[in-house]
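# What the coordinates show
The residues making up each chain are set out below.
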Amino acid sequence: MKLRVLGSAGAEFPGFRPPAFLVDDHLLLDAGTIGSVLTAEEQWGIRHIFITHAHLDHIRAIPALADNIIVQNLRQTVFVHAIPAVIAAMREHLFNGVIWPDFTSLPDRDTPVISFQPLEAGAVSVVSNYDIRAVAVDHTVPAVGYRVSHGGKTLAYTGDTGPTEEFWRCVDGIDALIVEVSFPDSMEALALTTKHLTSSLLRAELKKIRNLPRRILITHPKPQHRDTIRRELENLAMEEIELLHDGAVFAL
């Protein structure tokens, strides 16, 4: 699998883009960044988007992608997969005809630009020969992470989460784990309140995994604290850990 980091920051800031991870050029994990990075042809290649939760920084690029497709007059549907609570939030608060047009019925209901695909936490979806399992995580809103397997390789992505349990039982010895660290250790109280991780909290979470993933890729640091988080991750002295940067590409 090819993994392309379109965005990996915990906020929008000069030089930093919200989370989005493109797998093999057509499958997207979260959608904080699309059109500001991808060419038109690359955008048209996205057919499936898996959303972890409904917070704006993880869904904000979908409306612009839908608009770009319909303006181009492409008769193509992008399938947006998420748990029912996330779909309900996007229908009510985003694609509601007020904040943004309802692209689930445009240009018509038979061939909409956006088609929501509900999935269940714990269930496996088979999409284009990829096995994608949604696994519950612990955030301030309903949220899941994803375990993606294809061609003998496995990638997992937590999305946003605080200390959690079930997700770690699905990542034993996998090829790569994308996991959030949003705040420095000095802000642990805020991290716990908002259900995010710090470097020290991550260390405790990783102890729940019997065999660590070969790569542990850190996403979602708040840009204002990135340098501090980087130093604290280095102090963990774990060779598997790497702090992501926007634009990075990995071959798993």
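Description of the structure in this document. (Residues numbered from 1 in each chain as written. Predicted model: local features only at pLDDT ≥ 70, side-chain atom pairs only at ≥ 80, totals over all residues. Heavy atoms only, no water.)

## Examining the overall build of the protein chain
Basically, it comes down to this: Strands are runs of DSSP state E lasting at least 2 residues, helices are runs of H or I lasting at least 4, and numbering of each runs from the N terminus. Both definitions apply: the radius of gyration is a C-alpha atom measure, and the globule rule equals 2.2 Å times residues to the power 0.38. Buried residues are those whose accessible area, probed at 1.4 Å on protein chains only, stays under 20% of the maximum for their type, while exposed residues exceed 50% and partly exposed ones sit between those limits. In this analysis, two residues are considered to be in contact whenever any of their non-hydrogen atoms come within 4.5 Å of each other.
Within the protein chain one finds seven helices and 14 strands. Whereas a compact globule of 252 residues would reach a radius of gyration of roughly 18 Å, the protein chain reaches 17 Å, a difference of no more than 12%. Projecting the C-alpha coordinates of the protein chain onto the three principal axes gives extents of approximately 55 × 35 × 30 Å. Across the 252 residues in the protein chain, those meeting the buried criterion constitute 53%. Of all intrachain contacts in the protein chain linking residues separated by at least 6 positions in sequence, the fraction that spans at least 24 positions is 58%.

## Here we look at the sheet that holds strand β11 (residues 176–180)
Which entries qualify depends on this criterion: Two strands are said to pair when DSSP picks up at least two bridges between them. The angle between two axes is taken between their N-to-C directions and runs from 0 to 180 degrees, where each axis is a line fitted to C-alpha atoms and a helix contributes only its stretch in contact.
Spatially, seven strands are ordered β7-β8-β9-β10-β11-β12-β13 in an open sheet, and the strand pairing comes out mixed. With one partner strand each, in any of the chains shown, β7 (124–127) and β13 (241–243) form the two edges of the open sheet. Adjacent strand axes in the sheet meet at a mean angle of 20° when their direction is disregarded. Alignment of strand β9 (residues 144–150) against strand β10 (residues 153–157), held across five bridges, turns out to be antiparallel. Considered in β10, the bridge of S149 is made with T154.

## Structural notes on the sheet that holds strand β3 (residues 27–29)
Within a sheet, adjacent strands bond to each other through the backbone by hydrogen bonds, running parallel or antiparallel. The mixed open sheet is built from seven strands, whose spatial order is β6-β5-β4-β3-β2-β1-β14. Of all strands in the sheet, those with a lone pairing partner are β6 (114–118) and β14 (249–251), marking the two edges. Direction aside, neighbouring strands of the sheet carry axes that sit 20° apart on average. Sheet topology places strand β1 (residues 2–7) next to β14; three bridges connect them, and they run antiparallel. Counted as the bridge partner of R4 is V249 from β14. Helix α3 (residues 62–71) contacts β4 (48–50), β5 (78–82) and β6 of the sheet and is inclined by roughly 160° relative to β5. On top of the sheet, helix α4 (residues 84–93) reaches β5 and β6; it is set at about 150° to β6, its chief contact.

## Some thoughts on the environment of I216
Secondary-structure assignment places I216 in strand β12 (residues 215–219). Exposure remark for I216: the relative accessible area of 0% places this residue in the buried category. The spatial distance from the C-alpha of I216 to the C-alpha of R231 is 16 Å, given a sequence separation of 15 residues. Filtering out sequence-adjacent residues up to four positions away, I216 remains in contact with L177, V179, L206, M238, E240, I241 and E242.

None of the figures reported here should be taken as evidence of function without further support.
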